[in-house]
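Spelled out, the chains give:
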Amino acid sequence: MTAPQPDRAVVVGGGLAGITAALELADAGLGVTLVEGRPRLGGLAFSFRRGELTVDNGQHVYLRCCTAYGWFLDRVGGAGLAPLQRRLDVPVLDVARPGGPRLGRLRRTALPVPLHLASSLATYPHLSLAERASVGRAALALKGLDPADPALDGVDFATWLGRHGQSPRAIEALWDLVGVATLNATAPHASLGLAAMVFKTGLLSEPGAADIGWAHVPLGELHDTLARKALAAAGVRVETRTKADSVSRTESGVWQVRTGAETLDAEAVVLAVPQREAHDLLPYGALDDPGKLLDIGTAPILNLHVVYDRKVLRQPFFAALGSPVQWVFDRTESSGLTGGGQYLAVSQSAAGDEIDEPVAALRAKYLPELERLLPAARGAGVRDFFVTRERTATFAPTPGVGRLRPTARTNAPGLYLAGAWTATGWPATMEGAVRSGFSAAGAALAVLGRSHAHPLQEAA
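A brief report on the enclosed structure follows. (Residues numbered from 1 in each chain as written. Predicted model: local features only at pLDDT ≥ 70, side-chain atom pairs only at ≥ 80, totals over all residues. Heavy atoms only, no water.)

This brings us to the overall build of the protein. When its secondary structure is counted, the protein shows 14 helices and 19 strands. Relative to the 2.2 N^0.38 estimate, which gives 23 Å for 460 residues, the radius of gyration of the protein is 23 Å and therefore close to what a compact globule would have. Along the first, second and third principal axes, the C-alpha atoms of the protein reach 75 × 50 × 40 Å. Evaluated residue by residue, the protein yields a buried proportion of 56% over its 460 residues. (Helix = DSSP H or I, 4+ residues; strand = E, 2+ residues; numbered from the N terminus. Rg over C-alpha atoms; globule rule 2.2 N^0.38 Å. Buried < 20%, exposed > 50% of the residue type's maximum accessible area, 1.4 Å probe, protein only.)

Structural data, given as structure tokens:
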């Protein structure tokens, strides 16, 4: 067997975590091979063709506070294709309140925290005056929590909200409105530590932290096409349709990643795959208790895709109350739809009760709901209705999950873990995935004695 090239790395997994790790390792001068079993990069944030449409498997957004994902977009040359709002502005439509549908908005001003949201909260029509005051008091209490405190990980968010005077209506109309979309869980099923991290970072850190950004092109253009170009420019060898069958270390200390076609030798290996796949690839002794990886649960996300024969929504997106509908986005332009129609994506997080429902049942349930929310949809023709299901879209952010999430380092020298499910401190977001890639690459480079400065050292 030929000797391995000096400081060569293999990254297993081509999602955002693996792409980030590969770019970081290559930028530090290592020879890097990235292997991915799918025919594309991007992990669970990807696009596919359906007739003339280019469809994202699900609606993904990020916030201004997501500095690592912002770095990723810059690094692949896609920042201008996924712009941020100038200022946070979320239309919230309630169709269940007395008097008919009512529109409210959650938006910020340029005032310092927490005054940046004071005006919006004071006029938010979906809460009573007393509920608005209680939300303000709870927010101040939340600001005093340390999300890294292990004690918070074992408490569910709903219990804490109840202790701080939050009514069921306040939880529905504000806390879960944000929390379900970011945590992929309702308050009773979310760790207080992760919830505190989301709300402190997004709403209580900087005035613009929660400004929303989303791709105005198909996700595949960012996470596959542009990512491949960036990896190629960095000298990374990318092998898609290539699954890692085993990862082992020779007596001489060389790591070997075996695929169906070849054996790759390396000084460092990053496993940037889902937790169950990582568990199956880990050599004996790499973690003290590898079974913990199997105890990290998963949570589904359901996306409903509706193509109308006319324009029915005049805003880029909105959130709904009093309806099973959660968030609705206009994807007409990014999908390439022509002919005067409109394509809406309905994003349903924490969708365990519906993830396996037949398309016909979902259509019968949600088309009338969209007509309740959007009067212009009444009488509009439906050109297409289809569903995408990610049954294991994220790790489940349940109380106690923090003690299960491993760090990037393992007990095996030269072997590292990456993925949004690792101990990033963040929930399962694109931001968490990129941060995990930073952490894994940084740990590998430190052991190899390589120094590499990037503009987001703190992100790792």
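Having seen the model, we can carry on.
What follows deals with the packing of helix α2 (residues 67–76) against helix α14 (residues 430–448). As a packed pair, α2 and α14 sit with axes 7 Å apart at the nearest point and diverge in direction by 80°. Between α2 and α14, the angle falls in the class roughly perpendicular. Residues Thr67, Ala68, Tyr69, Trp71 and Phe72 of α2 form the contact with α14, whose participating residues are Met430, Glu431, Val434, Arg435 and Phe438. Grouping the constituent residues of the contact of α2 with α14 by class yields seven nonpolar, one polar and two charged. (Axes fitted to C-alpha atoms, helices over the stretch in contact; angles between N-to-C directions. Parallel < 35°, antiparallel > 145°, perpendicular 65-115°, else oblique. Contact = heavy atoms within 4.5 Å. Nonpolar A, V, L, I, M, F, W, Y, C, P; charged D, E, K, R; others polar.)

What the three strands build is an open sheet, ordered β10-β11-β12; its pairing is antiparallel. The open sheet terminates on both sides in strands that have one partner only, identified here as β10 (244–249) and β12 (263–266). Strand-to-strand twist across the sheet, computed as the mean angle between neighbouring axes with direction ignored, equals 20°. As paired strands, strand β11 (residues 255–259) and β12 are joined by four bridges and run antiparallel to one another. Residue pairing across strands places Gln256 opposite Asp265, the latter belonging to β12. (Pairing = 2+ DSSP bridges.)

Counting through the fold element by element, Arg108 comes out in the loop between β7 (102–107) and α3 (118–122). Taking relative accessible area as the criterion, Arg108 reaches 13% and is therefore assigned buried. Reaching out from Arg108, the side chain makes a polar contact with the backbone oxygen of Arg86 at a distance of 3.4 Å. The residues touching Arg108, leaving out its near neighbours within four places in the chain, are Arg86, Arg87, Leu88, His116, Leu117, Pro207, Gly208 and Asp211. (Polar contact = N/O pair within 3.5 Å; in protein donor to acceptor, adjacent residues only side chain to side chain.)

This brings us to α2. Among the residues making up α2, those that are buried are Ala68, Tyr69, Trp71, Phe72, Leu73 and Val76. The inward-facing, buried residues of α2 abut α1 (16–27), β5 (61–63), α9 (219–233) and α14.

Side chains that are three or four residues apart share a direction in an α-helix, a result of its 3.6 residues per turn. End to end, helix α8 (residues 192–203) covers 16 Å across 12 residues, agreeing with the expected 16 Å (1.5 Å per residue, within 8%). The buried fraction of α8 amounts to nine of the 12 residues, a majority that puts the element mostly inside the structure. Inspection of α8 places Leu192, Gly193, Leu194, Ala195, Ala196, Met197, Val198, Phe199 and Gly202 among the buried residues, and these make up the whole buried set. Packing partners of the buried residues in α8 comprise α4 (129–143), α5 (150–153), α6 (157–163), α7 (168–183) and β18 (382–395). The N-cap residue of α8 is Ser191: its side-chain oxygen and the backbone nitrogen of Gly193 are 3.1 Å apart. (Expected span 1.5 Å × (residues − 1).)

Bringing unusual backbone geometry into the picture now. Of the consecutive residues Val113 and Pro114, the connecting peptide bond is found in the cis state with omega at 0°. Positionally, Pro114 belongs in the loop between β7 and α3. Even without being a glycine, Asn184 presents a positive backbone phi close to 60°. The residue Asn184 is located in the loop between α7 and α8 in this model. Look at Arg241: it is not a glycine, yet its phi comes out positive at around 55°. Relative to the helices and strands, Arg241 resides in the loop between β9 (237–239) and β10.

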